[in-house]
Amino acid sequence: MTDDMLDLLITDATLLLAGGVARTTNLGIRGKQIAFIGDERPAAARTLALPGRVVTPGFVNTHYHAGLNFVRGVAPDCGFAPSYTPGLPQASWLNEDEALALSRLGALEALRAGCTTLVDSFVHAEATVAGMAETGVRLFASQRLADVDFASVLEGDRRFDRARGERQLERAAAFVERWAGQADGRIQVHLTAHAPDTCSVEFLREIAALAERHDLPISTHLAQSQDEVDWVRARHDRSPVELLDELGLLNDRLLAGHCIHVDEADIARLGRSGAHVVHIPVGNAMSGRIAPTRRLIDAGAPICLATDTMHGDMIEVMRWTLAIGRLQAGFVADDWQPRDVFAMGTGNGATALGWADRLGLVAVGMLADLAILDFRQLHLTPCIDPLGSLIHNATAADVESVLVNGELVIDQGRATRVDDAAIRAEADRVCQALWKRCPKPLRPYPSVAGTPR
Ligand SMILES: [Zn+2]
């Protein structure tokens, strides 16, 4: 094998290139990168003939809580985020082993759905990050940073604890030192300032300084609920967007999740700031709320996409983004097309993370993080426009194989690095125990007889 030999040559597949332009040709991978695209067939250690398949950049899920799957199927009907909802088990009740089991399931499920990059934040990140990375996914991992006592939040109050904040900042700094660049570069880190109403002003300032020091992205939940806006206004006499701006967080480091309850001044401020709006259409629409995406874009805010507490199907997210934007506009605009939401689900997410030169595009020189969809399906036939079929007709279940860093981590629907049945069974066991600890649970669990398999 010569040095310039490809490690893998994928032939006869339809590639979705920049702008979602489809081209049926061959793609070669050497090491972690895409090294060749063209009609020739250079020598390769392994060749996969994949006619009838569509190759997209892996999806960049920019706001995810892998371990929060224990509220799936229930939380969307409560009308409020899980951390604020009595009757649901709480993340703060989990021990490290439980968080690990749930997070591994969440990571694997999203990876199986073609999400090659997850921007994740959850409790016990120190204990979960290696186990999540073991699935093969690329992670921007973070602890959930908040100096509020979440028990007081459930009672409709906010009590801040300076000592708690200091402990968390110390842990966050240690987390950054320990984990940035691990797992062959697949583990990256960021900071998650939970929300403007669950972090004190001093704490938010310190998170901004820590991010600056280590050149890290910051995730947050911003203007997620009217309650948050009202509380911040009552306490600080300004909107949450205004508050973050004053504290030095509203800039191009910020991945601002939700951005629903924003007024005209907030929208203009977000547009000027360079902050990335993380649009979460499925979960938010289920709660009866939605971000004013068109107005945010018109103001200059870049939009990327995420599944948040819902399952990791970014194809569904792109489809809902397209549909909801059209509902908001009342017509089909030339600049709200499949190519636009495709960019939001791929390249825009990479840009938000500062990785636009490496991720989010099928092109020579980019990292080989790819989702391969089997388009030889009844519901994907005929395929006139591969991008249109992807956005309108495909689902996560059509993802056949997934590569990260050039490695086949999902092959024909099966995880290659971990035991998916064992991960599922362990997470289900943990979830059952967790719901049993819930006083006055909103639902009995399990309600599906015979789980786990
Ligand atoms: Zn969230």
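Quick caveat: nothing in here was measured; it's all calculated off a predicted structure.

1. Observations regarding helix α5 (residues 201–214)
Helix length check: α5, at 14 residues, gives a terminal C-alpha distance of 20 Å against a target of 20 Å (1.5 Å per residue), a fit within 8%. Along α5, the residues classified as buried are Val201, Phe203, Leu204, Ile207, Ala208, Leu210 and Ala211. On its buried face, α5 is in contact with β8 (138–145), α4 (162–179), β10 (191–193), β11 (218–222), α6 (226–236) and α7 (240–246). Trailing α5 by a residue or two, Asp215 shows a phi angle of about 55°, which is positive.

2. Considering the coordination of the zinc ion
The zinc ion binds to the protein through His63 (NE2), His65 (NE2), His221 (NE2) and Asp308 (OD); the donor distances cover 2.1 to 2.5 Å. Seen from the zinc ion, its 4 donor atoms lie at angles of 81 to 168°, and the figure they make is irregular. Read from N- to C-terminus, the donor residues coordinating the zinc ion fall into the pattern H-x1-H-x155-H-x86-D. Both residues of the pair, His63 and His65, belong to the buried class.

3. So, the pattern of salt bridges
Summed over the entire model, instances satisfying the criterion amount to 30 salt bridges. One salt bridge in this structure joins Asp149 and Arg159, with 3.8 Å as the shortest N-O distance. Placement of the pair is Asp149 in the loop between β8 and α3 (150–154) and Arg159 in the loop between α3 and α4, with a sequence separation of 10 residues. Taking relative accessible area as the criterion, Asp149 reaches 22% and is therefore assigned partly exposed.

4. Describing the domain arrangement of the protein
Taken domain by domain, the protein comprises domain 1 (8–57 + 361–415) and domain 2 (59–352). With 31 residues of domain 1 at the interface, the matching set in domain 2 holds 24 residues. Surface buried jointly by domain 1 and domain 2 totals about 2,100 Å² across both partners, of which 65% is contributed by carbon and sulfur atoms. Between Arg138 and Asp369 there is a salt bridge, with its nearest N and O atoms 2.7 Å apart. For the pair domain 1 and domain 2, the interface holds 11 residue pairs in polar contact (both at pLDDT 80 or more). Only β5 (53–57), β15 (370–374), α14 (386–393), β16 (399–404) and β17 (407–411) provide two or more residues apiece to the side of domain 1 that touches domain 2. Of the residues contributing to the side of domain 1 that touches domain 2, the split by class is 20 nonpolar, 9 polar and 2 charged.

5. Observations concerning the packing of helix α12 (residues 338–345) against α14
A packed helix pair is summarised by two numbers, namely the angle formed by the two axes and the spacing between the axes. Orientation of α12 relative to α14, taken along the N-to-C sense of each, is 70°, at an axis distance of 10 Å. In terms of orientation, α12 and α14 fall into the roughly perpendicular class. For the pair formed by α12 and α14, the contact residues are Pro338, Arg339, Val341 and Phe342 on the first element and Leu387, Gly388, Leu390, Ile391 and His392 on the second. Tallied by class, residues from the contact of α12 with α14 come to 6 nonpolar, 2 polar and 1 charged.

6. A word on unusual backbone geometry
Put simply, Thr381 and Pro382 share a cis peptide bond, and its omega is -5°. Within the secondary structure, Pro382 is located in the loop between β15 and α14. Positive phi, normally seen in glycine, also occurs at Asn405, with a value near 55°. According to the relative accessible area criterion, Asn405 is buried, its value standing at 10%. One non-glycine residue with positive phi stands out, namely Gln412, at about 55°. On the secondary structure map, Gln412 appears in the loop between β17 and β18 (414–415). The exposure class of Gln412 is exposed, given its relative accessible area of 53%.

7. Re the environment of Glu228
Position of Glu228 relative to the elements: it lies in helix α6. Sequence separation between Glu228 and Pro240 is 12 residues; the distance between their C-alpha atoms is 7.8 Å. In this structure, Glu228 is in contact with Pro196, Asp197, His221, Leu222, Ala223 and Pro240, ignoring residues within four places of it in sequence. Of the polar contacts made by the side chain of Glu228, one reaches the backbone nitrogen of Gln224; its length is 3.0 Å.

8. A word on the pairing of strand β3 (residues 33–38)
Bridge analysis of strand β2 (residues 22–30) against β3 gives 5 bridges, and the strand direction is antiparallel. From the neighbouring strand, Gly28 faces β3, where its bridge partner is Phe36.

9. So, helix α8 (residues 264–273)
Those residues of α8 that sit buried are Asp266, Ile267, Leu270, Gly271 and Ser273. Around the axis of α8, the buried residues are gathered within 165° of arc, so they sit on the same side. Exposed positions of α8 whose direction lies more than 90 degrees from the buried face are Glu264 and Arg272. Those residues of α8 that are buried are in contact with β11, α7 and α10 (293–298). Among the residues of α8, the N-terminal cap falls to Asp263, whose side-chain oxygen and the backbone nitrogen of Ala265 are separated by 3.1 Å. Residue Gly274 follows α8 closely and has a positive phi angle near 85°.

Reading the values: the criteria
For every chain, the first residue of its written sequence is number 1, and the numbers climb from 1 along that sequence. With the structure being a predicted model, the display of local features is reserved for residues of pLDDT at least 70 and the display and counting of side-chain atom pairs for 80 or more, all residues being used for whole-chain, interface and lining totals. Heavy atoms throughout the structure, all of them, feed into the side-chain values; hydrogens and water do not. Strands here mean DSSP runs of E at least two residues long; helices mean DSSP runs of H or I at least four residues long; both are numbered from the N terminus. Each residue after the first adds 1.5 Å to the expected span of a helix. A 1.4 Å probe rolled over the protein chains alone gives each residue an accessible area, and that area as a share of the maximum for its type sets the label: buried under 20%, exposed over 50%, partly exposed in between. Residues are treated as being in contact if the distance between any of their heavy atoms lies within 4.5 Å. With water excluded from the atoms, a metal site may look incomplete; its donors are any N, O or S atoms within 2.8 Å, or within 3.2 Å for Na, K and Ca. The geometry test gives tetrahedral to four donors whose angles all lie between 85 and 135 degrees, gives square planar to four donors and octahedral to six donors whose opposite members are over 155 degrees apart with all other angles between 65 and 115, and gives irregular to the rest. By definition, a salt bridge exists where a carboxyl oxygen of Asp or Glu is found within 4 Å of a side-chain nitrogen of Lys or Arg. An automatic or database domain assignment is the source of the domain bounds shown. When two parts are brought into contact, each loses some accessible area as probed by a 1.4 Å sphere; the total of that loss over both is the buried area. Pairs of N or O atoms are called polar contacts if they sit within 3.5 Å, as long as, within protein, a hydrogen donor faces a hydrogen acceptor (for residues adjacent in sequence, only side-chain-to-side-chain pairs). Put simply, Ala, Val, Leu, Ile, Met, Phe, Trp, Tyr, Cys and Pro go in the nonpolar bin, Asp, Glu, Lys and Arg in the charged bin, and everything else, Gly too, in the polar bin. As a rule, the C-alpha atoms of each element are fitted with a line to give its axis, helices using only the stretch in contact, and angles between N-to-C directions run from 0 to 180 degrees. In this scheme, roughly parallel covers angles under 35 degrees and roughly antiparallel covers those over 145, while 65 to 115 is roughly perpendicular and the rest are oblique. Only strands that DSSP links by at least two bridges are regarded as paired with each other. For this quantity, the arc is that covered by the directions from the helix axis to the C-beta atoms.

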